[in-house]
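The residues making up each chain are set out below.
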Amino acid sequence: MSAPAPALRAPAIRAFGGRVSVRVHRRGAIACALLALAALATALAGLAFGDYPLSLGEVVNALAGRGDGSGAFIVNELRLPRVVCALAVGAGLGVAGAIFQSLTRNPLGSPDVIGFTYGSAAGAVAMIIVVGAQQSAVSAGALAAGLATAAIVYLLSYRGGGVQGYRLVLVGIGISMMLLAFINYLLTRGRIEEAQEAAVWIAGSLDGRGWEQATPLVIALAVLLPAAFLLSPRLSLLELGDDAATALGVRVERSRLTLTLVAVAITAVATATAGPIAFVALAAPQVARRLTRTPGPGLLGAAIMGAQLLQGSDLASQRLFAPDQLPVGIMTGAIGGIYLAWLLAREWRWRRA
Amino acid sequence: MAASPPTTPVPRLRAAAPSRALGLALALAVLVLLMGASLAIGTRSIDLSTVVHALLHGGDGDEAVIVRDLRVPRTLLGLAVGVALGLAGALMQALTRNPLADPGLLGVNAGAAAAVVFAIGVLGVGSLTGYVWFAFAGAAVASVVVYAIGAVGRGGASPVRLALAGTAVTAALTALTQALTLLDRDTFDQWRAWSVGALSGRDADTLGQVAPFLVAGVLLALALGRALNAIALGDETGRALGARIGRTRLLGALSITLLCGAATAAIGPIFFVGLTVPHVARAIAGADQRWVLAYSMLLAPILLLAADVVGRVVARPGEVQVGIVTALLGAPVFIAIVRRRRIAHL
């Protein structure tokens, strides 16, 4: 009676200790299903709203191939690829974030730690300002520079037969700082139009994405996401610590490398499509974990949450400031930052440390 | 033999102090040399005897005017900002017991940047002397918000909480900065020049505006040295030894805000100095926070002034901004330290 708050929050865990795992899993499944429904609803809203509003019936008809000319064109050629990109990039970033947070055992871990974000941004900015390249070349430059940066960070952290998580983070920060200086230098030297285009890219935007971006993204993620889900049990074992994982038969260093590679590859294709979108990789796994309340990395929940988060943000950034078009990365940064602050304050009000 | 082991720690401590003092004197000498170099080297090289003459006897020649009106304020600003960033970084890493802490972490830089962009874009402030107050206010508000979020509930503002709250606030403020700069091209143009971090084009007025805050921050930081040593042992042990943890954290946060706010207001966000320098200081001086603070206070302006001089030389007749050079010089050193040795723990 003296501590009513914990008992109210999770009565079953205290009262029926033997059935804990069953209950937790059921909650996780229900939460994932509800999240998926919410993501679907947001996606449909994304197809219906816009400068040329459509009814839900028109959208469904257009998707089924029975729509009239202009409505079908708007839905299938303009809005659907953008929505697909948002869902796929969000899901990818959610999974990559969950993997990095689990690998580094740090709730603030994200693909940033390996320098990927700044690497890809530097590549894109260089392509825009130095070369004057267009969209697909910018994506290619971002991809190449991001992967090269990740490889350099990994190699520089490799020492004495392994990569320590801590050293990886430190080297990642060092390289990121150098790249940030390089980006700032280019931004001050470039013409104002190019510099602003580069700034939009750095913020992360889904504006004007068509099937030529969506198709390769979906194909790449169709390979990479199942690979991540297959590796998920090993990730749970790695969370126990290197020694315990080794004792349980996991080849620690090789598993860590494989998981890092998968997560970096997912981040790479997502970033090539939409730029380095802030906060989805960081927030999606955390939010999903709180909603599903399952232990372990929780990759599926993180994927669905990421998709919902990015599609919702893209919808909001399109409609809230219309006719001005703000990049979606600004919206995810603002929502994610405020949400995280609120979440932390709420949690700390009830708990100690 | 049997009696010697218990006494060994005492002589070693005593022997270390003179060499640490010697190192400090050496650092001071390097700093003075660099200040001389900063006065003499530039687009137009001026030999040292002319510099000394201009400083001591004045004069109206071109070179005397360049030295007095351009290079002296610039060098003093570099010195002041360097001292501030070094102390702030050392304080922050000691307070949060986190070797990765840097002023960016508590939202200070993001707050200053958002306020500057707001001043340019919404209020139409066009001059550098106008930005300074906004940058300062932004830094102060951001760190108060971070501290307030971190201090919610019973646990108090623990290091992890401050870092998490700082990340959240930084993300939201960065989004605000991006939104304001992307909606208006002129704002973006001014902001990109400020956000690099440069010592050039700042006059003596800028230094005069931020000097009171810098002095207050420095005095506060130096007064905290002993209390930081107690905090380094952990909250419980520190409290048992009589340290007032909460008060030290609050004063430390105040000092960091004064130092970083003033530094960022004066020359724009400089990353990396506050992060790297305390690591080097700890590698030289060991765990005593009073020595770490003293070394950080000298090593940071050395890094900043050296970077500024290098930036003037490499791209003649143009310049590379100091914020860019510090990152390009500091990062390889930092990575080499990280690779070579175990990180000196706090």
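Residues numbered from 1 in each chain as written. Chains lettered and ligands numbered in written order. Predicted model: local features only at pLDDT ≥ 70, side-chain atom pairs only at ≥ 80, totals over all residues. Heavy atoms only, no water.

## Brief notes about the overall build of chain A
Keep this limit in mind: A helix here means a DSSP run of H or I that spans at least four residues, while a strand means a run of E at least two residues long, and both kinds are numbered starting from the N terminus. For each residue, the accessible area found with a 1.4 Å probe, counting protein chains only, is set against the maximum for its type, and the residue is called buried under 20%, exposed over 50%, and partly exposed in between. Two residues qualify as a contact provided that any one of their heavy atoms is within 4.5 Å of a heavy atom in the partner residue. Method for areas: the Shrake-Rupley scheme with a 1.4 Å probe, in which residue coverage is limited to the protein chains shown.
Across its full length, chain A holds 15 helices and two strands. Here chain A, with 353 residues, has 53% of them falling under the buried criterion. A fraction of 74% describes how many contacts in chain A between residues 6 or more apart in sequence connect residues 24 or more apart. A total accessible area of about 16000 Å² is found for chain A, and carbon and sulfur atoms account for 66% of it.

## A look at the overall build of chain B
Scanning chain B for helices and strands turns up 15 helices and zero strands. When burial is assessed residue by residue, chain B has 55% of its 346 residues classed as buried. Of the contacts made within chain B by residues no fewer than 6 positions apart, 75% connect residues no fewer than 24 positions apart. Surface exposure of chain B reaches about 14200 Å², of which carbon and sulfur atoms provide 68%.

## Details of the interface of chain B and chain A
Heads up, the condition is: What counts as buried area is the accessible surface, traced by a 1.4 Å probe, that two parts surrender upon association, with contributions from both included. One speaks of a salt bridge when a side-chain nitrogen belonging to Lys or Arg is within 4 Å of a carboxyl oxygen belonging to Asp or Glu. We call two N or O atoms a polar contact when they sit within 3.5 Å, provided that within protein one can donate a hydrogen and the other can accept it, with sequence-adjacent residues counted only if both atoms are side-chain atoms. Note on residue classes: Ala, Val, Leu, Ile, Met, Phe, Trp, Tyr, Cys and Pro are nonpolar, Asp, Glu, Lys and Arg are charged, and everything else, Gly too, is polar.
Counting residues at the interface gives 47 residues for chain B, matched by 52 residues for chain A. Summed over the three residues of chain B that lose the most area to chain A, namely B:L182, B:R192 and B:R339, the buried surface amounts to 16% of that side. The interface formed by chain B and chain A includes one salt bridge. Residues B:R185 and A:E193 are paired through a salt bridge, measuring 3.8 Å at the closest nitrogen-oxygen approach. Counting every contact that joins chain B to chain A gives four residue pairs in polar contact (both at pLDDT 80 or more). When residues of the side of chain B that touches chain A are traced back to their parent elements, those giving at least two are α6 (128-150), α7 (159-183), α8 (185-195) and α15 (322-340) of chain B. Top element by residues in the side of chain B that touches chain A is α7(B). It accounts for 13 residues. Split by residue class, the side of chain B that touches chain A holds 29 nonpolar, eight polar and 10 charged.

## What to know about the environment of B:G286
Residue and element names in this part refer to chain B. Tracing the chain through its elements places G286 in the loop between α13 (273-285) and α14 (289-314). For G286, a relative accessible area of 30% gives the class partly exposed. Between the alpha carbons of G286 and R20 there is a distance of 9.4 Å; along the sequence they are 266 residues apart. Other than its neighbours up to four places away in sequence, G286 contacts A281 and V292.

## Observations concerning the packing of aromatic side chains
Residue and element names in this part refer to chain B. For the record, the criterion: Within 6.5 Å between ring centres, the rings of Phe, Tyr and Trp (the latter by its six-membered ring) count as paired, and their orientation is classed by plane angle as stacked under 30 degrees, edge-to-face over 60, tilted in between.
Scanning the entire structure with this criterion turns up three aromatic pairs over all chains. Measuring from ring centre to ring centre gives 4.3 Å for F136 and F213, while their planes differ by 40°; the resulting arrangement is tilted. One end of the pair, F136, is in helix α6; the other, F213, is in helix α9 (residues 204-223), and 77 residues separate them in sequence. Residue classification places F213 among the partly exposed residues on the basis of a relative accessible area of 24%. Judged by centre distance (6.1 Å) and plane angle (40°), the rings of F188 and W191 are tilted. Placement of the pair is F188 and W191 together in helix α8, with a separation of three residues, close to one helical turn. Of the aromatic side chains, those joined through ring pairs into one cluster are W133, F136 and F213.

## Concerning the environment of B:P73
Residues and elements named next belong to chain B. Within the fold, P73 resides in helix α4 (residues 62-96). On the basis of relative accessibility, which here comes to 10%, the residue P73 falls in the buried class. A sequence separation of 63 residues divides P73 from F136, and the C-alpha atoms of the two residues are 20 Å apart. With near-sequence residues (within four places) excluded, P73 lies in contact with R68, D203 and A204.

## A few points about the confidence of the model for chain A
Low pLDDT means the predicted atomic positions in that stretch should not be read closely. Residues and elements named next belong to chain A. Here is the rule: Summary of the metric used: pLDDT quantifies the predictor's per-residue confidence within the range 0 to 100.
Looking at chain A as a whole, its pLDDT mean stands at 80, while 87% of the residues score no less than 70. For chain A, per-element mean pLDDT is lowest for helix α1 (residues 4-9), which scores 36, and highest for helix α14 (residues 299-320), which scores 89. Confidence drops under a pLDDT of 50 for residues 1-24, and excluding neighbours within four residues, the segment shows 11 contacts in the predicted structure.

## Digging into the nonpolar core
What counts is decided by this rule: To qualify as a nonpolar core, a set must consist of buried Ala, Val, Leu, Ile, Met, Phe, Trp, Tyr and Cys residues joined through side-chain atoms within 4.5 Å.
Counting residues in hydrophobic clusters, the biggest one holds 142 residues, and the most contacted among them are B:V81, B:W194, B:L259 and B:V273. A per-element tally of this core places α4(B) first, with 13 residues. Contact partners of B:V81, with chain neighbours within four places excluded, come to B:A263, B:A266, B:I267 and B:L304. Counting 52 residues, the second largest nonpolar core, distinct from the first, contains A:V89, A:L225, A:V264 and A:V269.

## Brief notes about the pattern of salt bridges
Applying the stated criterion across every chain, the model contains 10 salt bridges over all chains. Among the salt bridges present, the one from A:E253 reaches A:R256, with a minimum N-O distance of 3.4 Å. Of this pair, A:E253 and A:R256 both sit in helix α12 (residues 252-274), separated by three residues, roughly a single helical turn. Salt-bridge contacts for B:D308 lead to B:R312; the nearest nitrogen and oxygen are separated by 2.9 Å. Of the two residues, B:D308 and B:R312 are both situated in helix α14; the distance of four residues between them amounts to about one turn of the helix. Across the pair, B:R312 and B:D308 agree in class, each one buried. Salt bridges here are not isolated pairs; linked through shared partners, they connect A:R191, A:E193, A:E194 and B:R185.

## Focus on helix α9 (residues 192-203) of chain A
Because each turn of an α-helix spans 3.6 residues, side chains separated by three or four positions end up pointing in the same direction. Residue and element names in this part refer to chain A. Counted only if it meets this: The length a helix should cover is 1.5 Å for every residue beyond the first.
Between its terminal C-alpha atoms α9 stretches 16 Å, which fits the 16 Å expected from 12 residues at 1.5 Å a residue. Regarding α9, the residues found buried are I192, E194, A195, Q196, A198, A199, W201 and A203. Two residues or fewer after α9 comes G204, characterised by a positive phi angle close to 95°.

## Here's the deal with a nonpolar patch on the surface
Note the threshold: Here the term patch refers to residues with relative accessible area over 30% and no salt bridge, with like charges joined within 9 Å and nonpolar side chains (Val, Leu, Ile, Met, Phe, Trp, Tyr) within 5 Å.
A contiguous nonpolar patch, built from A:I30, A:L34, A:L37 and A:L40 and spanning about 410 Å² of accessible area, is present on the exposed surface. Within the secondary structure layout, A:I30 lies in helix α3 (residues 20-48).

## Quick notes on the packing of α14(A) against helix α15 (residues 328-350) of chain A
Residues and elements named next belong to chain A. The cut-off we apply is this: Angular values range over 0 to 180 degrees, each being the angle between N-to-C directions of two axes fitted as lines to C-alpha atoms, with helices fitted over their stretch in contact. Our angle categories are set so that under 35 degrees counts as roughly parallel, over 145 as roughly antiparallel, 65 to 115 as roughly perpendicular, and the remainder as oblique. Handedness of a crossing is defined here by the sense of rotation of the near helix relative to the far one, left-handed for an anticlockwise turn of less than a right angle and right-handed for a clockwise turn.
Two elements in contact, α14 and α15, have axes whose closest approach is 8 Å; the angle formed by their N-to-C orientations is 110°. One way to sum up the angle between α14 and α15 is to call them roughly perpendicular. When the axes of α14 and α15 are compared, the crossing they make is right-handed. Seen from α14, the contacting residues are L310, S313, D314, A316, S317 and L320; seen from α15, they are V328, M331, T332 and I335. Residues of the contact of α14 with α15, tallied by class, amount to six nonpolar, three polar and one charged.

## Some thoughts on the side chain of A:Q286
Residues and elements named next belong to chain A. Looking at where Q286 falls in the secondary structure, it is placed in helix α13 (residues 280-292). In this structure Q286 comes out as buried when scored by relative accessible area, which is 15%. Only 3.0 Å separates the side chain of Q286 from the side chain of Q101, close enough to count as a polar contact. Polar side-chain contacts of Q286 include one of 3.1 Å to the side chain of R290.

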